Amino acid sequence: MGTIAEKENGLESGLEERRVRVMRRRKESMKRFLVLSIVGLLLISSAVSANIISYTYNKPLSSTNWVQPFNVPQFNPGLGTLNSVTIAVGGALSQTLRFENLDGPGNITFSNGLTTGCLYGVKYTGGSNLISLDILNTPTYSFTTYDGITDFGGTSGKTDIVAKNASNSITYTASATLAAFTGLGNVGLDATATGRVYYTADSGNIIVGASTKAGTDVTVTYDYVPEPATLCLLGLGVLGLLK
């Protein structure tokens, strides 16, 4: 039989081993809880957030008229099911308008039923139009009787540089469009810009000039639902962490 001290030491040793086992179980439980919580958040995030892929193409300010071809990678069907294709176009316009009146006083308006500005578009290469954006520039200016100097300034003339920006977007869900943008190749598209200048004036003797520069940004966005295999891979990863 052992002494009282030995018994007390044995009891303390047993209690310590029990405390260690309890702490290990708590750590394992906490680890499982944290992993499952993170996975749950990922799954919720995947369900709530849009699954999107976007491609953007830029054409800097250039003298119109122009056509800019570019290719967009198709949506890979191996990633999931394509829900929609959104095409967004942003236009930047820099237009210089000038005139010199050689007659009596009056006004000039850069519109005559048709509008001054620039028409932007995105279409299938060699095919139909997908989206348009029209930036209008229709100011009205007053002028005096010819001031004797043809300088597109003074009181009988003017030179004005106008800068404008605008944007437009459209979302396609029709099966024919989704099919055109689905595959393992590219979709050929053309960005276009067509400048326009029209005017009416209270003068039969007036010199009018203009120069137009246009730039554009085109963004194609795929919204899709991932394949279930993606979630299976995530589940396998979780099982590996819990081992």
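Structure: above.
Residues numbered from 1 in each chain as written. Predicted model: local features only at pLDDT ≥ 70, side-chain atom pairs only at ≥ 80, totals over all residues. Heavy atoms only, no water.

### Overview of the sheet that holds strand E8 (residues 157–172)
In step 1: What the four strands build is an open sheet, ordered E1-E11-E3-E8; its pairing is antiparallel. Of all strands in the sheet, those bounded by a partner on one side alone are strand E1 (51–63) and E8. Within this sheet the neighbouring strands show an average axis-to-axis angle of 10 degrees, counted without direction.
In step 2: With 21 bridges joining them, strand E3 (residues 80–101) and strand E11 (residues 206–226) adopt antiparallel strand pairing. Bridge pairing in E11 links Ala88 to Thr219. (Pairing = 2+ DSSP bridges. Helix = DSSP H or I, 4+ residues; strand = E, 2+ residues; numbered from the N terminus. Axes fitted to C-alpha atoms, helices over the stretch in contact; angles between N-to-C directions.)

### Remarks on the packing of aromatic side chains
Working definition: an aromatic ring pair is given by the centre-to-centre distance plus the angle between the planes.
In step 1: Taken as a whole and assessed by the stated rule, the structure comprises 10 aromatic pairs.
In step 2: The interplanar angle of 45 degrees and the centroid separation of 5.1 Å between the aromatic rings of Phe75 and Tyr224 together place this pair among those described as tilted. Here Tyr224 lies in strand E11 and Phe75 lies in the loop between strand E2 (66–73) and E3, a separation of 149 residues in the sequence.
In step 3: Classification of Phe75 by relative accessible area gives buried; the value is 2%.
In step 4: Ring plane angle 40 degrees and centroid distance 6.1 Å describe the contact between Tyr124 and Phe181, whose orientation is recorded as tilted. (Phe/Tyr/Trp six-rings, centres within 6.5 Å; stacked < 30°, edge-to-face > 60°. Buried < 20%, exposed > 50% of the residue type's maximum accessible area, 1.4 Å probe, protein only.)

### Points about the sheet that holds strand E6 (residues 129–136)
In step 1: One open sheet accounts for four strands, arranged E2-E9-E5-E6; its pairing is antiparallel. Edge positions in the sheet fall to E2 and E6, since each of these pairs with one other strand and no more. Sheet twist, expressed as the average angle between the axes of neighbouring strands with direction ignored, equals 15 degrees.
In step 2: Direction of pairing for E2 relative to strand E9 (residues 186–196): antiparallel, over a ladder of eight bridges. Paired with Pro69 across the bridge in E9 is Asp190.

### Remarks on the pattern of salt bridges
Side-chain pairs of opposite charge can arise where the charged atoms are in close proximity.
In step 1: For the coordinates displayed, the defined rule picks out one salt bridge.
In step 2: Ionic pairing is found between Arg196 and Asp134, a salt bridge with its closest N-O pair at 3.0 Å. Here the residue Arg196 occupies a position in strand E9, and Asp134 occupies one in strand E6, the gap between them amounting to 62 residues. (Salt bridge = Lys/Arg side-chain N within 4 Å of Asp/Glu carboxyl O.)

Honestly, that's just the spatial picture; any functional story needs more than this.
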